Each structure stands twice: as C-alpha cells, then as structure tokens.
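If you want the building blocks of each chain, they are given just below.
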Amino acid sequence: MHLYKPSTLIFNTIIHIQNRKQTIINGAPDIDYVDADPALDYCNWKGRGGTESIQAGSLIVYDTAELTMWYRPDISERDRVLLNDDPSKVYEIINIENVEMRNQYMILKVQRVVNA
C-alpha cells in the first residue's frame, strides 16, 4: 500500500492564516478576519497560473495556487491565507483536501483577484 508522503523539506514557504469571523449587526453580517492560532505556518506553494474573465465590462484576473501543508483542523473554506505574511497577497481558500482522510497532510486550493 502506497501512502502519500511529501518530503518535509519542501515546506519552505511561509503563510499567514486568518480565520473568518462573522457577526450579525442590525440583521446584516459583518465579516472580519482574525489570526489563527498559530497564525504563521509553512507549506509547499505551487502557483497554478491565472484565469481571466469579463464581469460587468471589466477584466478580472484570478491568481490561483495550490499549497500542501501539515493537516490543521482549524482551517476551513471560509478562511484566507496571506502569502509570505504579505497583506497585499491575500488568497481566499476555495477548496481543502484532507489527503487520504488521514489527518496528516492537507492540500488547499486558493485564489485572489488581481485588478487588471
């Protein structure tokens, strides 16, 4: 039986993880992000290129990536990741895969909108 096991030497990209916090104010959701505990972690970051679309006459470019890291149950699709702890590179998590459902490694698919 072959189990998935990435080399731990490839986890060399630092990321900052923020959990989504939603509160209801006057019947409307107020969304904020707070640092996860721990906020900083390491992963293997692989850029997947960008995709373009036109919405309401404007060109929108999506910068996508896939990252592999140690499993963390506190991360969900509602959270976001900052690449290299840089506030200008905020990626929304769009999918999480718990590799082989073993709670050892996880693969996150992330994207950010780049103004074109």
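It should be noted that the structure appears before, not after, this text.
Residues numbered from 1 in each chain as written. Predicted model: local features only at pLDDT ≥ 70, side-chain atom pairs only at ≥ 80, totals over all residues. Heavy atoms only, no water.

Caption draft 1: Here's a closer look at the overall build of the protein chain. Helix and strand counts for the protein chain come out as zero helices and six strands. Listed N to C, the secondary structure of the protein chain is β-β-β-β-β-β in terms of helices and strands. Oriented by its inertia axes, the alpha-carbon framework of the protein chain measures out at about 50 × 35 × 25 Å. Going through the 116 residues of the protein chain one by one, you find that 35% of them count as buried. Relative to all contacts within the protein chain whose residues are 6 or more apart in sequence, the contacts with residues 24 or more apart total 55%. Carbon and sulfur atoms provide 49% of the accessible area of the protein chain, an area that totals close to 7400 Å². If the 12 positive side-chain charges of the protein chain are averaged to one point and the 16 negative ones to another, these points end up 4 Å apart. (Helix = DSSP H or I, 4+ residues; strand = E, 2+ residues; numbered from the N terminus. Buried < 20%, exposed > 50% of the residue type's maximum accessible area, 1.4 Å probe, protein only. Contact = heavy atoms within 4.5 Å. Areas by Shrake-Rupley, 256 points an atom, 1.4 Å probe, with all protein chains shown as cover. Lys, Arg positive; Asp, Glu negative; His and termini not counted. Charge placed at Lys NZ, Arg CZ, Asp CG, Glu CD.)

Caption draft 2: The packing of aromatic side chains, seen in detail. All chains considered together, the criterion is met by three aromatic pairs. Relative to Trp 70, the ring of Phe 11 has its centre 5.7 Å away and its plane inclined at 85°; by these criteria the two rings are edge-to-face. Taken together, the positions of Phe 11 in the segment before strand 1 (13-25) and Trp 70 in strand 3 (residues 58-70) put the pair 59 residues apart, joining distant regions of the chain. Exposure remark for Trp 70: the relative accessible area of 39% places this residue in the partly exposed category. A centroid spacing of 4.9 Å and a plane angle of 25° characterise the contact between Trp 70 and Tyr 105, whose relative ring orientation is stacked. With Trp 70 in strand 3 and Tyr 105 in strand 6 (residues 105-115), this residue pair connects regions lying 35 residues apart in the sequence. (Phe/Tyr/Trp six-rings, centres within 6.5 Å; stacked < 30°, edge-to-face > 60°.)

Caption draft 3: Geometry of the side chain of Asn 19. On the secondary structure map, Asn 19 appears in strand 1. Residue Asn 19 is classed as buried on the basis of its relative accessible area of 17%. Within the local environment of Asn 19, its side chain forms a polar contact with the backbone oxygen of Asp 74, the two atoms lying 3.1 Å apart. The residues touching Asn 19, leaving out its near neighbours within four places in the chain, are Asp 32, Tyr 33, Val 34, Asp 35, Ala 36, Asp 74 and Asp 79. (Polar contact = N/O pair within 3.5 Å; in protein donor to acceptor, adjacent residues only side chain to side chain.)

Caption draft 4: Fine view of unusual backbone geometry. Cis geometry marks the peptide bond from Asp 37 to Pro 38, where omega comes out at 0°. Tracing the sequence through the fold places Pro 38 in strand 2 (residues 28-55). The phi dihedral of Asn 26 is positive, around 55°, even though this residue is not glycine. With respect to the helices and strands, Asn 26 occurs in the loop between strand 1 and strand 2. Taking relative accessible area as the criterion, Asn 26 reaches 81% and is therefore assigned exposed. In this structure, Met 101 is a non-glycine residue whose phi angle is positive, near 50°.

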